[in-house]
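Each chain is listed here by its residues.
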Amino acid sequence: MFSAPNHQVLDNPQDEEREHLVALDIELAEEAGEDEHQWKFQIRDLTKITNAGVPILKGIKMDIPKGVVIGIIGPSGSGKSTVLRALNRLWEPPTGTVFFDGDDICDLDVLNLRRRVGMLFQLPALFEGTVADNIRYGPQLRGKKLTDIEVYQLLTLADLDSSFLDKTGDELSVGQAQRVALARTLANEPEVLLLDEPTSALDPISTQNIEDVLVKLKKTRGMTTVMVSHSIKQIQRIADVVCLLVSGEIVEVLKPSELSDAKHPMAQRFLQLS
Ligand SMILES: Nc1ncnc2c1ncn2[C@@H]1O[C@H](COP(=O)(O)OP(=O)(O)OP(=O)(O)O)[C@@H](O)[C@H]1O
């Protein structure tokens, strides 16, 4: 399922480490039902090199099952956001490297892809108008007018009450605005959520609110979530599997409870310092 392509070349990992990765593969494949159609994303040899010739991503290979929360962690500049942005073509990946439900994402209509693969950033940017206007925005672009009840349900899903409906962005805390941004994303009925450090600007209570919503979405809607986070504790709280990215390569794939077992020297160092 996941692989650290150049890991063997770089570090000659022990057999037991390879066995561990294989075991994790099997376990997660069983969760995904061993069915090709259970993969939400398949990433194949995803590579990015800057115009100046600097490698950013070095042949990433990763299969992401449906209905799973994947955490991506790694040092600053390791390429986490770049991988995330490839999944909804905010960065256009090379043809034949990213497949969504089996289709090369480069062949898909980009707006439709971004509706199906929603993204939340570190800082929420609400549009002008009320919270309700923000939530109605996406469906309206597709000619669908959400009813008051539908808007209310989306607010509730994002753990906000109806008193927020008529508020504007400048009346909200960052944590509340982030939940509105989440409700706005969910209004598009996405199949996947991409989260780029979605709680790094939030206080602990707002962070917990967002995490609770993400867990609820996985349980009730089978949402697939790919989350970049600098918080190892957060990853341990909500992710099913963790990918450690170092210098543009996946060097470890672990269960959150096994993060301390990481063997790659850079991964160990990063985990110790985090
Ligand atoms: N368009 C670009 N041109 C040149 N360099 C780029 C470009 N986009 C990203 N980079 C570089 O690629 C590297 C990876 O960036 P990326 O934002 O994916 O890392 P990251 O792991 O998400 O970092 P952080 O944790 O700091 O957000 C960085 O060194 C960044 O400066």
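Values in this document were obtained by computation on a predicted structure and should not be read as measured data.

1. Comments concerning helix H5 (residues 131-141)
Every buried residue belonging to H5 is among Val131, Ala132, Asn134, Ile135, Arg136 and Gly138, and all of these are buried. Its buried side turned inward, H5 meets helix H4 (110-116), helix H6 (148-157) and helix H7 (174-186). Where H5 terminates, the next one or two residues include Gly143, which has phi positive at roughly 80°.

2. Quick word on the packing of H5 against H7
Here H5 crosses H7 at 30°, and the two axes come no closer than 7 Å. For the element pair H5 / H7, the angle class is roughly parallel. The two elements H5 and H7 cross, and the hand of that crossing is right-handed. Counted together, Val131, Asn134, Ile135, Tyr137 and Gly138 of H5 and Val180, Ala183 and Arg184 of H7 form the full contact between these two elements. Of the residues belonging to the contact of H5 with H7, the class tally is five nonpolar, two polar and one charged.

3. Digging into the site of the ligand
The environment of the ligand is formed by Thr50, Ile56, Gly74, Ser76, Gly77, Ser78, Gly79, Lys80, Ser81 and Thr82. Ranked by residues supplied to the shell around the ligand, first place goes to helix H3 (residues 80-86) with three residues. Grouping the amino acids of the shell around the ligand by side-chain chemistry returns one nonpolar, eight polar and one charged.

4. Points about the environment of Ile60
The residue Ile60 is located in strand E3 (residues 55-65) in this model. A sequence separation of 12 residues divides Ile60 from Lys48, and the C-alpha atoms of the two residues are 9.6 Å apart. Other than its neighbours up to four places away in sequence, Ile60 contacts Ile43, Leu46, Val83 and Ile250.

5. Examining the packing of H7 against helix H8 (residues 204-221)
The N-to-C vectors of H7 and H8 enclose an angle of 15°; their axes lie 9 Å apart at closest approach. The orientation of H7 relative to H8 falls into the category roughly parallel. Remark: the crossing between H7 and H8 carries right-handed chirality. Each of Gly175, Gln178, Arg179 and Leu182 in H7 lies in contact with H8, whose residues at this interface are Ser206, Asn209, Ile210 and Val213.

What counts as what
- Residues numbered from 1 in each chain as written.
- Predicted model: local features only at pLDDT ≥ 70, side-chain atom pairs only at ≥ 80, totals over all residues.
- Buried ≥ 20, exposed ≤ 12 C-beta atoms within 10 Å, placed from the backbone.
- Helix = DSSP H or I, 4+ residues; strand = E, 2+ residues; numbered from the N terminus.
- Contact = placed C-beta atoms within 7 Å.
- Axes fitted to C-alpha atoms, helices over the stretch in contact; angles between N-to-C directions.
- Parallel < 35°, antiparallel > 145°, perpendicular 65-115°, else oblique.
- Left-handed = near helix turned anticlockwise from the far one by under 90°.
- Nonpolar A, V, L, I, M, F, W, Y, C, P; charged D, E, K, R; others polar.
- Near = placed C-beta within 6 Å.

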